[in-house]
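If you want the building blocks of each chain, they are given just below.
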Amino acid sequence: MIAAVGQVVRRDLLLAVRQRADVVNTLLFFVVVVTLAPLGVGPEINTLRTIAPGVVWVAALLASILSLNRLFALDFADGTLEQLLLTREPLAAIVLGKVAAHWLVTGLPITAMAVPLAVMFDLPRAQAATLVLALLCGTPALSLLGAIGAALTLGLRGGGVLVSLLVLPLNVPILIFGAGAVEAVAGGLSAQAHLLLLAALSLATSVLAPWAIAAALRISLE
Amino acid sequence: MLETSDLECLRGDRLLFTRLALRVDPGVCLHVAGENGSGKTSLLRILCGLMAPTAGVVRWQGEDIRRLREAYWEGLAYVGHLNGVKDDLSAAENVHISAAIAGWPADVATVRAALAAFGLADFEDRPARALSQGQRRRVALARLRCASAAPLWILDEPFTALDTRGVAALSELIGAHLARQGCVVLTTHQDVPLPGRVERVELERL
């Protein structure tokens, strides 16, 4: 089973490397949205420090949703998804492999990119580190929850907007704890509770979401 | 042995077939024939377990495939009318990765032999986007060369877009599969001489 899932991850990573533009575009989108905030709000340094975690998290959320259409739609169109549904491995495991590959090319680069962006907002070092750590703990859940929406809307017209409407509300807790972690540090408290909750959300969704995604895919392919 | 009883398929409000009873014994190729829109592809998707029939059951070795699930898919090779070939991967990578995911032998020699059997020896490292429609079909079918351990092959219009040599290569492959007591279910509109024991079922438009 591990070998087959490994091959699924390998194929998706290989495809991401060959279609670099898609990956880079998502990352650029993230950077552009974050840089728009200071232009809109103005250069007052304390305001920027206060809004930075929220802005970065909202941008990460949007970027992750934007990249969701790549997750299953291409496989659906060229027939590889059909083949994945007809293997001896449990579909939930295969799906987990696909989402992991998706996170490696979206969630992880977004987390890394948050470092220079935190500097841009002049976040103190402790807060910047918390922001990055929070993204690292929370973005897997973004990919997993997003995948449920992507699987449900597979093959529908205007699926892109529908995915956002389905997934964004589900992501609210992650946004709250993610931005809250940095605020806690700014207020002189420990971010541990927030980070642990984020990690718990990611772990819980990584156990439960694959079954929902697998079921949604089977329904979408009927 | 694959068999169905009282199979019924309703698509939208159209009844495609009802009370369909089929039986595919080892070493037999079932040719599903019928006009466009008579439900051939739907039937094959039901036989694969991709789609649920409105009524009736499909049994593999006497057990309902919806209960067997992964145990059934382990012994199934399906080529649909979508090729399942990734444009950005080379022909060899396509065959290798999809065979490995399915759990079939996928070493370099097997993949190379599979591609060579379909006349793609010189195209191994070419990305699939640079291949013609017929060549992509060959890549999809080359996977079957790795699938000799899967007793049941379900092929939806496997001969489309193939030239005479491609057709001959595929017929030979199907013949070899039947000779080792495999089961094949396929649809085709072409008048291809199929090797081995062929049974024919005609889907009427209702």
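Residues numbered from 1 in each chain as written. Chains lettered and ligands numbered in written order. Predicted model: local features only at pLDDT ≥ 70, side-chain atom pairs only at ≥ 80, totals over all residues.

A. Geometry of the overall build of chain A. Tallying secondary structure elements over chain A gives 11 helices and 0 strands in all. Its helices and strands in sequence order give chain A the pattern α-α-α-α-α-α-α-α-α-α-α, from N to C terminus. Computed over C-alpha atoms, the radius of gyration of chain A comes to 18 Å, within 12% of the 17 Å expected from 2.2 N^0.38 for 222 residues, which places it in the range of a compact globule. Viewed in the frame of its principal axes, chain A has a C-alpha envelope of about 55 × 30 × 30 Å. For chain A, with 222 residues in total, the buried portion stands at 45%. Long-range contacts, defined here as pairs at least 24 residues apart, represent 81% of the contacts in chain A between residues at least 6 apart. (Helix = DSSP H or I, 4+ residues; strand = E, 2+ residues; numbered from the N terminus. Rg over C-alpha atoms; globule rule 2.2 N^0.38 Å. Buried ≥ 20, exposed ≤ 12 C-beta atoms within 10 Å, placed from the backbone. Contact = placed C-beta atoms within 7 Å.)

B. Molecular detail of the overall build of chain B. Along the backbone of chain B there are 7 helices and 9 strands. Seen through its principal axes, chain B has C-alpha atoms that stretch 50 × 30 × 30 Å. In chain B, which comprises 206 residues, the share counted as buried stands at 45%.

C. Broad picture of the sheet that holds strand β6 (residues 76–79) of chain B. All names here are of chain B. Strand order in the open sheet formed by 5 strands is β6-β7-β8-β3-β9, and the pairing between neighbours is parallel. Of all the strands in the sheet, the pair left with one neighbour each is β6 and β9 (197–203). Between one strand and the next, the sheet's axes are offset by a mean angle of 15 degrees, whatever the strand orientation. On top of the sheet, helix α1 (residues 40–48) reaches β3 (28–34), β6, β7 (152–156), β8 (183–187) and β9; it is set at about 155 degrees to β7, its chief contact. Helix α7 (residues 164–179) rests against β3, β7, β8 and β9 of the sheet, and its axis sits at about 145 degrees to β8. (Pairing = 2+ DSSP bridges. Axes fitted to C-alpha atoms, helices over the stretch in contact; angles between N-to-C directions.)

D. Broad picture of the interface of chain A and chain B. On the chain B side, the residues contacting the 24 residues of chain A number 23 residues. Mapped by element, the contributors of at least two residues to the side of chain A that touches chain B are α1 (2–18) and α5 (80–85) of chain A. For the side of chain A that touches chain B, the element with the highest residue contribution is α1 of chain A, accounting for 9 residues. The residue inventory of the side of chain A that touches chain B, partitioned by class, reads 10 nonpolar, 6 polar and 8 charged. (Nonpolar A, V, L, I, M, F, W, Y, C, P; charged D, E, K, R; others polar.)

E. A look at the environment of V207 of chain A. All names here are of chain A. Structurally, V207 is set in helix α11 (residues 192–220). What makes V207 exposed here is the crowd of 12 C-beta atoms within 10 Å. Separated by 63 residues in sequence, V207 and L144 place their C-alpha atoms 9.7 Å apart.

F. Main features of the packing of helix α6 (residues 91–105) of chain A against α11 of chain A. Residue and element names in this part refer to chain A. The N-to-C vectors of α6 and α11 enclose an angle of 110 degrees; their axes lie 8 Å apart at closest approach. Viewed along their axes, α6 and α11 adopt a mutual orientation that is roughly perpendicular. Every residue of α11 that contacts α6 at L91, A92, V95 and L96 is listed here: S206, P210, W211, I213, A214 and L217. When its residues are assigned to classes, the contact of α6 with α11 shows 9 nonpolar, 1 polar and no charged. (Parallel < 35°, antiparallel > 145°, perpendicular 65-115°, else oblique.)

G. Region of the structure containing the pairing of β8 of chain B. All names here are of chain B. In terms of residue burial, β8 counts as a mostly covered element, since 5 of its 5 residues are buried. What you see with β8 is no split at all: C183, V185 and T187 on one side and V184 and L186 on the other are buried throughout. As paired elements, β7 and β8 share 5 bridges and run parallel to each other. Paired with L152 across the strands is C183, a residue of β8.

H. Examining the domain arrangement of chain B more closely. All names here are of chain B. We note that the domain assignment places domain 1 (1–75 + 151–206) and domain 2 (84–150) within chain B. Centre-to-centre, using C-alpha coordinates, domain 1 lies 23 Å away from domain 2. In this complex, domain 1 contributes 16 residues to the contact, which on the side of domain 2 involves 13 residues. Among the elements that take part in the side of domain 1 that touches domain 2, α7 stands out by supplying 6 residues, more than any other. Its residues placed into classes, the side of domain 1 that touches domain 2 shows 9 nonpolar, 4 polar and 3 charged. (Domains from an automatic or database assignment.)

I. Focus on the confidence of the model for chain A. For chain A, the average pLDDT comes to 94, and 100% of its residues sit at 70 or higher. Element-level pLDDT for chain A is lowest in helix α9 (residues 159–170) of chain A, with a mean of 89, against a maximum mean of 97 in α6 of chain A. (pLDDT = per-residue confidence, 0-100.)

J. Representation of the sheet that holds strand β5 (residues 63–64) of chain B in the model. Residues and elements named next belong to chain B. Taken together, the 4 strands give an open sheet; going across it, the order is β2-β1-β4-β5, and neighbouring strands pair in antiparallel fashion. Both outer strands of the open sheet, β2 (14–24) and β5, are each paired with one neighbouring strand and no more. Here strand β4 (residues 55–60) runs beside β5; their pairing, made up of 2 bridges, is antiparallel. Bridge pairing in β5 places R59 opposite D64. The strands touched by α1 are β1 (2–11), β2 and β4; relative to β1, the strand with the most contacts, the crossing angle is about 125 degrees.

K. Looking closely at the environment of A147 of chain B. All names here are of chain B. The topology assignment puts A147 in the loop between α6 (133–146) and β7. We classify A147 as buried; it has 25 C-beta atoms within 10 Å. The spacing of A147 and E204 is 57 residues in sequence and 32 Å in space, taken between C-alpha atoms. If we ignore the near neighbours within four places in the chain, the residues touching A147 are A77 and W104.

L. Structural context of the pairing of β4 of chain B. Residues and elements named next belong to chain B. Sheet topology note: the β1/β4 ladder contains 5 bridges and is antiparallel. Paired with E3 across the bridge in β4 is R59. Connecting the antiparallel pair β4 and β5 is a turn made up of 2 residues, with Q61 showing a positive phi of about 50 degrees.

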